[in-house]
Each structure stands twice: as C-alpha cells, then as structure tokens.
Amino acid sequence: MTERRPDGRGPNLDDTAKQIIELLQDDGRLSYSAIAKKVGLSEAAVRHRVQKLIESGVMQVVAVTDPMQMGFARQAMIGIKVSGRVREVAAELAAMDKLDYIVITTGRFDILAELVAESDDELLEIVSEQISEIDRVVTTETFVYLRLEKQTYAWGVR
C-alpha cells in the first residue's frame with residue numbers, strides 16, 4: 001500500500017496487496033505461508049501486509065454465515081426516507097448494534113439498512129421503536145428476506 005489514490009477513493013494498493021486481497025477473498029482461511037509462496041514474499045511480510053490492510057479498513061477477514069441457517073428468524077432490508085440531512089441520520093443508524101449494513105443511496109429511499117433479527121417481535125421493535133423514532137425519518141419500508149440465494153464478496157480489486 002502506498003499513498004491515497006488520486007481520486008480520493010481509498011489507498012493506492014500495489015499489485016502485491018491486490019493479489020493478497022484476491023487470495024483471501026477466494027479463501028479467507030489461507031495461511032500466511034501459502035499466501036507468501038503465491039506472492040513471492042516472506043511469511044512475516046505477508047502477515048505485516050495483511051495486518052496493515054485490516055488496520056486501514058481496506059478489508060476484513062470474517063466468517064460469513066447464512067443467518068437463517070444460524071437460527072435467526074428474520075433477515076430484512078429497511079428502506080428509509082429522510083427529511084433533511086441524510087448523513088446525520090445514517091450516522092445514527094450506524095450506531096445501532098442491531099443494524100449490520102447501512103448505505104446512503106439514490107432513488108426511492110435515501111438509506112438502506114440491513115438487519116438480522118431473532119424474531120418478528122424483535123424486527124418490529126427495531127423498525128417501529130428505534131428506526132422510525134429517529135428525528136428526520138419520514139417513512140420506512142421493510143423487505144423481509146425469504147431465502148438467501150446468493151451471497152458473495154469476491155468482486156476482486158481494481
């Protein structure tokens with residue numbers, strides 16, 4: 001990794017950093033020694049580079065699960081319309097532990113928020129008593145997931 005990209009969209013990653021990311025996107029359990037062999041660095045250098053990528057927020061290495069198979073009753077996307085400062089509302093939503101994914105968007109909704117709930121009652125409480133009570137939230141629309149068909153995070157690097 002070097003300085004920030006000229007367009008301001010994150011750090012300027014060198015080819016080795018990109019190769020490490022792609023390897024971990026393919027298999028997040030790949031050992032440092034296996035990565036080192038593939039990219040031509042020492043195991044210690046790979047360990048250092050991975051740590052820097054994690055610390056800088058470029059990537060995370062996590063176990064991704066299907067919430068329904070893990071025993072959660074509901075997964076949903078909440079479309080949120082806001083009056084006024086969208087970023088402030090998004091920041092309030094991002095501070096809520098039960099929301100896993102917050103994006104500011106264009107179109108019908110200003111913000112999309114994803115959550116995983118243990119029950120319909122928990123989903124109702126989060127939407128009606130937490131999200132809807134935030135100042136400047138005008139309306140919400142809940143899209144309950146029936147089944148997860150595809151979930152991937154291997155979109156590569158640029």
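Basis of the calculations
- Residues numbered from 1 in each chain as written.
- Predicted model: local features only at pLDDT ≥ 70, side-chain atom pairs only at ≥ 80, totals over all residues.
- Heavy atoms only, no water.
- Core = buried A, V, L, I, M, F, W, Y, C linked by side-chain atoms within 4.5 Å.
- Buried < 20%, exposed > 50% of the residue type's maximum accessible area, 1.4 Å probe, protein only.
- Helix = DSSP H or I, 4+ residues; strand = E, 2+ residues; numbered from the N terminus.
- Axes fitted to C-alpha atoms, helices over the stretch in contact; angles between N-to-C directions.
- Parallel < 35°, antiparallel > 145°, perpendicular 65-115°, else oblique.
- Contact = heavy atoms within 4.5 Å.
- Salt bridge = Lys/Arg side-chain N within 4 Å of Asp/Glu carboxyl O.
- Pairing = 2+ DSSP bridges.

J.: Looking at this model, I keep getting lost on the nonpolar core. Mind explaining?
T.: Side chains of a nonpolar character, in soluble globular proteins, are inclined to be buried together. Core analysis: the biggest nonpolar cluster contains 20 residues, and Ile-78, Ile-80, Leu-93, Leu-99, Ile-111 and Ile-131 have the highest contact counts within it. Where this core is concerned, the elements lending two or more residues are β1 (74–82), α4 (86–94), β3 (111–117) and α5 (120–131). Listed in part, the 14 residues of the second largest apolar core include Leu-13, Ile-21, Leu-53 and Val-157.

J.: I'm lost on the packing of helix α1 (residues 15–26) against helix α3 (residues 43–55) in this one. Help?
T.: A packed helix pair is summarised by two numbers, namely the angle formed by the two axes and the spacing between the axes. Across the interface, α1 lies against α3 with an axial gap of 11 Å and an inter-helix angle of 80°. Taken together, the axes of α1 and α3 lie roughly perpendicular to each other. Every residue of α3 that contacts α1 at Thr-16, Ala-17, Ile-20, Ile-21 and Leu-24 is listed here: Arg-49, Val-50 and Leu-53.

J.: In this structure, what is going on with the pattern of salt bridges? I would like to understand it.
T.: Scanning the entire structure with this criterion turns up 10 salt bridges. Its salt-bridge partner being Glu-122, residue Lys-98 comes within 2.7 Å of it at the nearest N-O pair. Taken together, the positions of Lys-98 in the loop between α4 and β2 (99–104) and Glu-122 in helix α5 put the pair 24 residues apart, joining distant regions of the chain. A relative accessible area of 35% means that Lys-98 is categorised as partly exposed. The salt bridge involving Arg-147 is made with Glu-149; its shortest N-O contact spans 2.1 Å. Look at Arg-147 and you get exposed, because its relative accessible area is 62%. We classify Glu-149 as exposed; its relative accessible area is 60%. Overlapping salt bridges, with partners in common, bring together Arg-85, Glu-88, Glu-92 and Arg-136 in one network.

J.: Is there a simple way to think about the sheet that holds β3 in this case?
T.: Remark on secondary structure: sheet strands pair via backbone hydrogen bonds, oriented parallel or antiparallel. Spatial ordering of the open sheet is given by β2-β3-β1-β4, a layout of 4 strands whose pairing is antiparallel. Two strands bound the open sheet, and with one partner strand each, they are β2 and β4 (137–144). Across the sheet, the mean angle separating the axes of adjacent strands is 20° when strand polarity is ignored. In this sheet, β3 lies alongside β2 in antiparallel orientation, the contact comprising 5 bridges. Following the sheet pairing, Val-103 is matched in β3 by Leu-112. Where α4 meets the sheet, it contacts β1, β2, β3 and β4, and its direction lies at approximately 170° from that of β2. Packing against the sheet, α5 makes contact with β1, β2, β3 and β4, and its axis sits at approximately 15° to β1.

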